[in-house]
Structure formats: C-alpha cells, structure tokens
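Given next are the chains, with one letter for each unit.
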Amino acid sequence: MKVLIAAFLGLALLAGCAPSPDRSRNDSLEAVARAVYRHDGPPALTLYTMVNNRTGSGAHSSLMINGSQRVIFDPAGSVQHSAIPERGDVLYGITPRIEDFYARAHARETFHVIIQRVEVDAATAEKALQLAINNGAVSQAFCAQSTAQILKQLPGFESIRPTFFPVNLSEQFGRLPGVTTRKLYENDADDKSKAIAEFDAKVKAQQSQ
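Note that this is a predicted model, so its numbers are computed, not measured.

Caption draft 1: Quick look at the pattern of salt bridges. All told, the structure shown has four salt bridges when counted by the stated rule. For R70, the salt bridge goes to E99, with nearest N and O atoms at 3.2 Å. Separated by 29 residues along the polypeptide, R70 in strand β3 (residues 70–73) and E99 in helix α3 (residues 96–106) bring together distant segments of the chain. Here R117 and E119 are joined by a salt bridge, their closest N and O atoms 3.5 Å apart. With a relative accessible area of 31%, R117 lands in the partly exposed category.

Set out below in structure tokens:
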C-alpha cells in the first residue's frame, strides 16, 4: 500500500496539481446568486494552463465558461478571495476585473499561463456550465483529469482524452478548430498570496469610496 501511495504522489507531482490540504469551500447559494455575472461576449470556453518556467511541466488546469453566466471551473485550485464566491470548485462572478486578477495571480517569475479560447454555441456553453456546477469539488492532482472529463462530454470536443497532465490537455485543446492561444508572463515573486493581498487592498479601497 505504501508503494502505491508513493507512486501516486510521484505521478501527481509530475503531472501538476500536487497534493496539498483540501481547500475547497462552499459559499451559500445566496452569495452565488448575488455574484452572477453575464458577460456580453459570445459563448466561449477558455482553458488556463499554468506551466513551470524552469521545467516546462504543467502545474494546473482550469476552465472559464461564458454561458448564461461566466464562471471558472477551478478544480483543486488555490486562488481564493472573499469577493469571489466559490461553490464546489466553481468560482462565480467572473467580471473582466476578476478574470484579469485570476490569470495574473498565477503568472509569476516561476510560472506562466497559457490561455486558450474557443467560441462555441450557446447550448454547448450551457452544457459545460451545468457539468462544471454539478461536478462538485475535485481531489488534489485531478485538475487536468476533471477538466478533460467535462470537455469530452461537449459536442465538438469528443477528441479530448482524459489525462493527468495539464500540458497534454493544453496540447489537445490547441488542436481543436478555432482555438486562439496567448501566453501570460509576469515577473512577480513566487508567492501567490502577494497577488491576492494586492487585489484585496484594491477591493477594500473601492468599497470605502
């Protein structure tokens, strides 16, 4: 059994989304409802892949869904803030400001973010939204796997294969028709909490005005 556990931990560390204490939270349905944000852009899916700048290995996968509301499915993610309601690993109220904060919180001197976007029809976006909401919280090390499982259930995404490796999922996603890709690099120190603290200060400043 110890050998099996050690093997699993080794795979998790190599694949990304390394094991750590459970951090999922469940805000109230009322808080989620208050945060609903409807973006006026076309229905779309945006895959985020966090990549180690030194090794090139993937550290995390997540999926922004622009349907009847815009959310981020952030399986076993680590970006949390009181201004961003979360329930079952889904972040709600993804305004342009929150979207920018989310990406920049992950990009720092040790990691960059691959951002891949594809427009879909409204029905596909809505199905992705419901799959994400109904998925529930994800165990550590299963971020790419759970994101791939949602994608492969959507029309036009049947070629996606389950994987524990965020970079592999990004490569699969990039082969889909119509996908646009950009990479975000930042020089912030390797401490995600500093980006969160800066965002928190901005939120409090706005609230005091």
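Continuing now.
Caption draft 2: Focus on the packing of helix α5 (residues 143–151) against helix α6 (residues 166–174). Taken N-terminus to C-terminus, the directions of α5 and α6 make an angle of 25°; their axes are 9 Å apart at the nearest point. With respect to α6, the element α5 is oriented roughly parallel. Crossing angle aside, the handedness with which α5 passes α6 is left-handed. Across the interface between the two elements, C143, A144, T147, A148 and L151 from α5 touch P166, L169 and F173 from α6. Partitioning the contact of α5 with α6 into residue classes produces seven nonpolar, one polar and no charged.

Caption draft 3: Broad picture of the sheet that holds strand β1 (residues 44–52). Taken in spatial order, the seven strands of this open sheet run β4-β5-β3-β2-β1-β6-β7, and their pairing is antiparallel. Edge strands, defined here as strands with exactly one partner in the open sheet, are β4 (86–87) and β7 (180–184). In terms of strand pairing, strand β2 (residues 58–66) meets β3 through four bridges, oriented antiparallel. In the strand pairing of β3, I65 is matched with V71. On the sheet, helix α4 (residues 122–135) packs against β1, β2, β3 and β5 (90–91) and is oriented at approximately 125° with respect to β2. Sheet contacts for α6: β1, β2 and β6 (111–119); angle to β1, the most-contacted strand, approximately 140°.

Caption draft 4: Summary view of the packing of aromatic side chains. For the structure on display, the rule yields three aromatic pairs. Ring geometry for Y48 versus Y102: centroids 5.3 Å apart, planes at 70°, classification edge-to-face. Within this pair, whereas Y48 is found in strand β1, its partner Y102 is found in helix α3, the two being separated by 54 residues in sequence. We classify Y48 as buried; its relative accessible area is 1%. On the basis of relative accessible area, Y102 is assigned to the buried category, the value being 1%. Here F157 and F173 contribute two aromatic rings whose centre-to-centre distance is 6.2 Å and whose plane-to-plane angle is 35°, an arrangement assigned as tilted. You can see F157 sitting in the loop between α5 and α6 and its partner F173 sitting in helix α6, a full 16 residues away along the chain. As far as burial versus exposure is concerned, F157 and F173 are alike and both buried.

Caption draft 5: View of the environment of H60. Take H60: it is sitting in strand β2. Distance in space between the C-alpha atoms of H60 and P166 is 6.0 Å, their sequence separation being 106 residues. Within the structure, H60 has its side chain in polar contact with the side chain of D74 (distance 2.8 Å).

Caption draft 6: Representation of the environment of E126 within the structure. Here E126 is to be found in helix α4. By relative accessible area, E126 is classed as partly exposed at 25%. Each C-alpha atom, one on E126 and one on G67, is 5.2 Å from the other, the two residues being 59 residues apart in sequence.

Caption draft 7: Fine view of α4. Look at α4: 20 Å from first C-alpha to last across 14 residues, which is about the 20 Å you get at 1.5 Å a residue. Of the surrounding secondary structure, the elements contacted by the buried residues of α4 are β1, β2, β3, β5 and α5.

Scoring rules and cut-offs
- Residues numbered from 1 in each chain as written.
- Predicted model: local features only at pLDDT ≥ 70, side-chain atom pairs only at ≥ 80, totals over all residues.
- Heavy atoms only, no water.
- Salt bridge = Lys/Arg side-chain N within 4 Å of Asp/Glu carboxyl O.
- Helix = DSSP H or I, 4+ residues; strand = E, 2+ residues; numbered from the N terminus.
- Buried < 20%, exposed > 50% of the residue type's maximum accessible area, 1.4 Å probe, protein only.
- Axes fitted to C-alpha atoms, helices over the stretch in contact; angles between N-to-C directions.
- Parallel < 35°, antiparallel > 145°, perpendicular 65-115°, else oblique.
- Left-handed = near helix turned anticlockwise from the far one by under 90°.
- Contact = heavy atoms within 4.5 Å.
- Nonpolar A, V, L, I, M, F, W, Y, C, P; charged D, E, K, R; others polar.
- Pairing = 2+ DSSP bridges.
- Phe/Tyr/Trp six-rings, centres within 6.5 Å; stacked < 30°, edge-to-face > 60°.
- Polar contact = N/O pair within 3.5 Å; in protein donor to acceptor, adjacent residues only side chain to side chain.
- Expected span 1.5 Å × (residues − 1).

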